[in-house]
Amino acid sequence: MADDVLLKYQDLIQDLKSDLGAEKFELVFKNKTTQLSKPEQFLLKMEMTRLSQPVARVIDLRGQVTGEVRAYEYNGKQHFMDNLAIEVFEKAVKQYGDYTLAVYETVMSTENNHKVLQKKATKKALNTSEIAQENPKETNCHMVKFASYETRIEERMNYAIKVKIQITSSDEVEASTSDISVSGCKVKVPSRYKLKHKQKIKMRLIGLEQDFELGLKEGIEYEVVAIKNINNDTNHIRMKRTYIENNASFDEFLKSFIHGNKRRYKVNLDNTLDAVIVKGYEQYYLPRITSLSIFFSEENEHSLIPRLLLSNENNIDTIRYFNDENKNFILSSILHKTRLTEILSQPGHVKEGLFYSFTHISAGKIYYYSATDSEFQKTPALKSLFLGFGSNKPSWRTFKVQIMPTHTDDAFIPLSLPETADSEIAKLNKPPSPRVQGIIKNIKYLALLTDLTTKQSQGEYQKNKFIKDQANALKQFGHSKQVHYPDIDVISLEYVNLRSETRFLYKTSVALEQEEKGKLTGKLTGKLTGTTRDFSENGLQIELDKPTLYENDDLVLMTLPDLQKITKKHDLQNLPYKVMAVSKTKKIINLRSYRPTLDSEHTGTTFFKQLILHNKSKLIASEESQKVPGLSTALRNMQTKAVCQFPFYIHKLGSGYSVGAIGHGLYSNPLHLILSQFGLLEEYFNIESIFPNHVLNDLLIPKLKEMKRQDKPFQLELYLRFNPTAKDIKSAIIIDYIPLDTNEINKKSFVTACIKRELFFGFRVYISRTGRPDTDYLAKELSYITQYAIHKAKILENELWSVVGVGEMLDISNELMQRFNIEASLVEAMNQRKSQWIQRIS
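Residues numbered from 1 in each chain as written. Predicted model: local features only at pLDDT ≥ 70, side-chain atom pairs only at ≥ 80, totals over all residues. Heavy atoms only, no water.

K.L.:
Where do I start with the overall build of the protein chain in this structure?
P.N.:
What the protein chain contains, in helices and strands, is 30 helices and 32 strands. By the burial criterion, 50% of the 842 residues in the protein chain qualify as buried. For the protein chain, restricting intrachain contacts to residue pairs at least 6 apart in sequence, the fraction spanning at least 24 positions comes to 72%. Split by element, the accessible area of the protein chain, about 43000 Å² in all, is 49% carbon and sulfur. (Helix = DSSP H or I, 4+ residues; strand = E, 2+ residues; numbered from the N terminus. Buried < 20%, exposed > 50% of the residue type's maximum accessible area, 1.4 Å probe, protein only. Contact = heavy atoms within 4.5 Å. Areas by Shrake-Rupley, 256 points an atom, 1.4 Å probe, with all protein chains shown as cover.)

Structure follows, in structure tokens:
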């Protein structure tokens, strides 16, 4: 149970804890909570239940308390506690009757615990409500605005010179530049001088006129582009030239002056620094998106046809689900014209809907059935039948679809570098090729399709009662086979290749015999057979015929009987390999060539090198190059410009973890709106209201540590109760992170308690382990920064390398209402309150 839920009743909870474990606790609880509402009683009862749970956690206070820690045994388990903790432990066990969670939490919060002392010190030093304003750098999170980088047409140089600005015919002011380029500048002006946006002024470069003959007695005309207040006394005025003077010699002089002095005075790197950070975070997020990106083309009298899919490791299963027995992608039957028209008729930029589906196999053919949430409203009599019958099928799926406009102009995102900085910039800054532009020219909408199915939610839908004999009534939700399905291309998202060698797809038989653990002794433990899936010079991936007991770092001897037939030069029997990874099914393993010493040769490696060298034209790389160069990049850019979820990033600094950044795309997620209401989407802000320390340290981080980069995202749900009239975020929200295997009854009780008076938001949370940052994608911009400010480049790289986890939150509030069958009138009333709040804050 989230601490925020119980903050209001901490004194009462402490009082109840003193009676926890007593024989008549139920009566005591009832008497002490009579003044509370039923939902409040429920929440407190759940907290007492949580605290009463026996635990097997080992208490290890070494390095965590000021006292001297020693070993202490209880029920056969050895703990490490100091004398104070042991005293508290024994007293608490006696009170609660066993080693429960209440005992553990009591021991972990003794007065000499470093965390307790630190909290007290922090509270004493700073009022937490003033941290964000007075010490913004001390807060632990910043916002990354996706696709917010700008491209400069030329270099700006940090250069301060005296200037005179003619504001009016009678009003002149002395000022100084902070940076300058051929076409513009930024000037520091006393704030008492009032300039306006688009105002035209004359300016003389007094500092340059003292050393050079510029021939500009009347000055240069500029137009005010932006005004930013720096402090009470000074404004920064951003200006651009109007070029009314048409003085080519001055333009050439200024260009040469900047080029000759940029190392001395330093180029202004603000845009490029921002771009590298934003692009770096985008590169972490895009390959981890769980939703399938579908690009709809407008054709044949405004009909929308799915034409392109952008695939990654996390959404490939959705693509497979909608492939029938003939490998036809049948999604156009599911998202047909009537359904798309209804979804697109909704207000707002991002249109949303839910649909449910299952399949039926007959005579080797796969038949699809689907229904949307809005269709259930029109045929309520069939709702329970569809949900109950369908959810009992193994093929049952729940999907959320989000549709938003997209523009082909967004397919091109140039570098943030001016073309004057490097002769190669112009080559790299080319827009999509005519071939790519021809493919995407009719794309009008981007749809995100997210599979929300879980075992627990499927079980909840199975509670819908139905009469099996009435199943024929579901035929109206069936989709007939089409003679021709639209041609849909699946485009793989291009991102950093984390492998050091190219892998090639190839199937050939193998036989494996295991060596004695950890060493080559000649003692074998049994033979396994299988087939290679791919290979590289130094490694292979093998699919075994039977599950294996192999573990990471085991040594095996591999024989390649079929490949041996094509070579006499190489002995392909009993080749030593090391197990690098084993799948969860124990049938797929990754092997790497084993060398006892660094300089020893490996026959397998030598053979595969020659095999690749002589057969490159015949072999297919496992990550095939794009059929249409540049198409993946174009679609990725379009997707970047239309992000509508809540991305977040987990950083590791030293031994500590924190949510160091959140992403914000073109469209706001409800969490963005909540944070915005309380002014928390500034440059730096405190994110603990959404990610409390106990959730991060006890739930998210332990799971993240177990994960590998290749693993599917870890999922859980976040339930959020929101009071939009509250004065601060701590009193406005109550949150609960709920693992997917939690009892659905407890979830439904939380939801029901929320929607009657306040606003409820439910989110599916996805967390993935990251790999290394795609520095190749950022190479040109990082190189440019390194050239002029190597320390800043190092800071940027350190920030990106510190990211160890990336997550996103998807609003599933409507799906939860359907899942828990919440009364329609309550849902409608709450949705009206939501709409009013969104309109007010937007």
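K.L.:
Please explain the packing of helix H2 (residues 10-17) against helix H4 (residues 38-52) as it appears in this structure.
P.N.:
Describing two packed helices takes the angle between their axes plus the distance from one axis to the other. H4 packs onto H2 with a crossing angle of 45 degrees between their chain directions and a minimal axis gap of 11 Å. Classified by the interaxial angle, the pair formed by H2 and H4 is oblique. Both H2 and H4 take part in a crossing whose hand is right-handed. Contact residues: Leu12, Ile13, Leu16 and Lys17 in H2; Leu44, Met48 and Leu51 in H4. (Axes fitted to C-alpha atoms, helices over the stretch in contact; angles between N-to-C directions. Parallel < 35°, antiparallel > 145°, perpendicular 65-115°, else oblique. Left-handed = near helix turned anticlockwise from the far one by under 90°.)

K.L.:
Looking at this structure, how should I read the sheet that holds strand S7 (residues 200-204)?
P.N.:
One key point about sheets: their strands pair by backbone hydrogen bonds, in either a parallel or an antiparallel sense. As summarised here, the arrangement of the six strands in space is S4-S5-S6-S9-S8-S7, forming a closed barrel in which the pairing is antiparallel. The mean angle between the axes of side-by-side strands here comes to 45 degrees, regardless of whether they run parallel or antiparallel. (Pairing = 2+ DSSP bridges.)

K.L.:
Explanation requested: empty space enclosed by the protein in the structure shown.
P.N.:
Empty pockets left among the atoms are what a rolling probe the size of a water molecule brings to light. Across all of its chains, the model carries eight cavities of 30 Å³ or more by this definition. Approximately 70 Å³ is the volume attributed to the second largest cavity. Lining of the second largest cavity is provided by Tyr285, Ile289, Ser291, Leu448, Gln639, Ala642, Val643, Cys644, Gln645 and Glu808. Across the lining of the second largest cavity, the residue classes tally to six nonpolar, three polar and one charged. (1 Å grid on protein atoms, 1.4 Å probe; cavity = no way out; pocket = protein on both sides within 12 Å on 5 of 7 lines; lining within 4 Å. Points joined across faces, edges and corners; volume = space filled by probe spheres on them. Nonpolar A, V, L, I, M, F, W, Y, C, P; charged D, E, K, R; others polar.)

K.L.:
I tried to follow helix H28 (residues 790-801) on my own but got confused; where do I start?
P.N.:
One turn of an α-helix holds 3.6 residues; hence residues three or four places apart share an orientation. Over its 12 residues, H28 extends 16 Å from the first C-alpha to the last, a length consistent with the 16 Å expected when each residue adds 1.5 Å. Ala793, Leu796 and Leu800 are the residues of H28 that are buried. Down the axis, H28 shows its buried residues gathered within 60 degrees of arc, on one side only. Away from its buried face, by an angle of more than 90 degrees, H28 presents the exposed residues Lys794 and Ile795. (Expected span 1.5 Å × (residues − 1). Arc of directions from axis to C-beta.)

K.L.:
Help me understand helix H23 (residues 670-677) in this model?
P.N.:
Within H23, six of the eight residues are buried, which leaves it mostly tucked inside the rest of the structure. When we look at burial in H23, the residues that qualify are Pro670, Leu671, His672, Leu673, Ile674 and Leu675. Capping the start of H23, Asn669 holds a side-chain oxygen 2.8 Å from the backbone nitrogen of Leu671, two or three residues further along. Directly beyond the C-terminal end of H23, a positive phi value near 65 degrees is found at Gly679. (Polar contact = N/O pair within 3.5 Å; in protein donor to acceptor, adjacent residues only side chain to side chain.)

K.L.:
I'm lost on the pattern of salt bridges in this one. Help?
P.N.:
Close approach of charged atoms lets side chains of opposite charge pair. By the definition in use, this model includes 29 salt bridges. Across the pair Lys481 and Glu325 runs a salt bridge whose closest N-O atoms are separated by 3.0 Å. In this pair, Lys481 is assigned in the loop between strand S16 (478-479) and strand S17 (489-492) and Glu325 in the loop between helix H12 (316-321) and helix H13 (331-334), connecting sequence segments 156 residues apart. Note on Lys481: relative accessible area 31%, which makes it partly exposed. When its relative accessible area of 25% is taken as the criterion, Glu325 is described as partly exposed. A salt bridge links Glu342 to Lys378, with the shortest nitrogen-to-oxygen separation between them at 3.3 Å. Here the residue Glu342 occupies a position in helix H14 (residues 337-344), and Lys378 occupies one in helix H15 (residues 373-378), the gap between them amounting to 36 residues. By relative accessible area, Glu342 is classed as partly exposed at 30%. (Salt bridge = Lys/Arg side-chain N within 4 Å of Asp/Glu carboxyl O.)

K.L.:
Please explain the environment of Asn552 as it appears in this structure.
P.N.:
Within the secondary structure, Asn552 sits in the loop between strand S21 (539-544) and strand S22 (555-559). What makes Asn552 partly exposed here is its relative accessible area of 36%. Through-space distance from the C-alpha of Asn552 to that of Val582 is 6.9 Å; in sequence the pair is 30 residues apart. The contacts of Asn552, once residues within four sequence positions are left out, are Val579, Met580, Ala581, Val582 and Lys708.

K.L.:
Hey, could you run me through the packing of H23 against helix H30 (residues 824-841) in this one?
P.N.:
One way to put it is that H23 packs onto H30 with a least axis distance of 11 Å and a crossing angle of 55 degrees. Compared by their axis directions, H23 and H30 come out oblique. At the point where H23 passes H30, the crossing takes the left-handed sense. From H23, Pro670, Leu673, Ile674 and Gln677 reach across to H30, where they touch Trp837, Ile838 and Ile841. Taken together, the residues of the contact of H23 with H30 sort by class into six nonpolar, one polar and no charged.

K.L.:
Help me understand the sheet that holds strand S15 (residues 443-451), please; the structure alone is not making it clear to me.
P.N.:
Strand order in the open sheet formed by eight strands is S16-S13-S12-S14-S15-S10-S11-S17, with mixed pairing between adjacent strands. The sheet is open, and its two edges are formed by S16 and S17, each paired on a single side. Of the strand pairs in this sheet, strand S12 (residues 351-362) and strand S13 (residues 365-372) are connected by eight bridges, and their pairing is antiparallel. Residue pairing for S13: Phe358 is matched across the bridge by Tyr369. Running over the sheet, helix H22 (residues 631-640) touches strand S10 (292-299), strand S11 (303-311), S15 and S17 and is turned about 105 degrees from S11.

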